[in-house]
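Each chain, written out:
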Amino acid sequence: GKIKIIEYARKNKIPFLGLCLGMQLAVIEHARNVSDLKNANTTEVNPNTDHPIIDLLPEQKQVYKKGGTMRLGGHNIKIKENTKAHQLLGNSTRRRFRHRYEINPKYLETLEKNSLIISGKAQNQDIAQIIELKDHPFFMATQSHPELTSKLETPDPFFLEFIKSALKIKK
């Protein structure tokens with residue numbers, strides 16, 4: 001049902017903010033329904049998917065004892081100019097992460113060709129960290145966890161803009 005809800009938000013221009021798995025599911029939804037990659041999935045759910053749109057990070061493929069081996073902690077993100085992410089975060093930002101899976105880099109070109117904007121990538125790596133849709137009031141997702149650094153007095157820009165967009169829709 002999560003992917004159906006994301007599809008509904010995309011099609012009906014309802015503000016959407018995906019965090020971590022939420023970003024991965026948004027990409028799966030886009031791959032299936034916009035990029036026409038039928039049965040696209042994450043290898044975490046279906047290791048034999050025709051289109052492994054979400055896959056293990058390369059450095060995770062040889063990790064068998066999980067423990068604290070994820071891509072953890074603060075990492076820098078390079079933000080693409082002329083995007084909503086750039087408006088919110090500037091040229092680069094440091095974000096907190098906790099993940100093993102990523103958008104499969106083999107599919108980035110196909111996704112972007114079909115209107116998904118990869119607006120943030122890991123510094124010096126081909127790891128997509130922020131996505132958005134151009135012709136949508138607010139459809140953004142990040143692999144990071146802004147809830148870990150957001151505060152009441154200084155809310156994370158993702159949360160603030162998501163709420164502002166939702167209030168505009170309500171009016």
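Residues numbered from 1 in each chain as written. Predicted model: local features only at pLDDT ≥ 70, side-chain atom pairs only at ≥ 80, totals over all residues. Heavy atoms only, no water.

Engineer: How should the nonpolar core be read in this particular structure?
Structural biologist: Most often, soluble globular proteins keep nonpolar side chains buried together rather than apart. Grouped together as the largest cluster of nonpolar side chains are 27 residues, with contacts concentrated most on Val27, Ile53, Ile103, Leu111 and Ile131. If you list the elements that add at least two residues to this core, you get α1 (2-11), α2 (21-33), β3 (51-56), β6 (101-103), α4 (108-113), β7 (116-122), β8 (128-133) and β9 (139-142). Ranked by the residues each element gives to this core, the list is headed by α2, at six residues. Setting aside chain neighbours within four positions, we find isoleucine 103 in contact with Met23, Val27, Ile53, Ile54, Leu108, Leu111, Ile118, Ala128 and Ile131. By size, the runner-up hydrophobic cluster in this structure holds ten residues, among which are Ile77, Ala85, Leu88 and Phe158. (Core = buried A, V, L, I, M, F, W, Y, C linked by side-chain atoms within 4.5 Å. Buried < 20%, exposed > 50% of the residue type's maximum accessible area, 1.4 Å probe, protein only. Helix = DSSP H or I, 4+ residues; strand = E, 2+ residues; numbered from the N terminus. Contact = heavy atoms within 4.5 Å.)

Engineer: Just checking my understanding: could you explain the confidence of the model for the protein for this structure?
Structural biologist: Detailed reading of the predicted coordinates is not advisable wherever pLDDT falls low. With 85% of its residues at a pLDDT of 70 or more, the protein has an overall mean of 87. Confidence, read as mean pLDDT per element, is least for strand β5 (residues 92-99) in the protein (67) and greatest for α1 (97). (pLDDT = per-residue confidence, 0-100.)

Engineer: Could you clarify how one ought to interpret the side chain of glutamate 7 in this entry?
Structural biologist: Along the polypeptide, glutamate 7 turns up in helix α1. With residues up to four places along the chain from it excluded, the contact list for glutamate 7 reads Glu29 and Asn33.

Engineer: Looking at this model, I keep getting lost on the packing of α1 against α2. Mind explaining?
Structural biologist: When two helices pack together, their arrangement is captured by the angle between the axes and the distance separating the axes. At a minimum axis separation of 9 Å, α1 and α2 run at an interaxial angle of 70 degrees. Taken together, α1 and α2 sit at an angle that is classed as roughly perpendicular. In contact with Lys2, Ile3, Ile6, Glu7 and Arg10 of α1, α2 contributes Gly22, Leu25, Ala26, Ile28, Glu29, Arg32 and Asn33. A per-class count over the contact of α1 with α2 returns five nonpolar, two polar and five charged. (Axes fitted to C-alpha atoms, helices over the stretch in contact; angles between N-to-C directions. Parallel < 35°, antiparallel > 145°, perpendicular 65-115°, else oblique. Nonpolar A, V, L, I, M, F, W, Y, C, P; charged D, E, K, R; others polar.)

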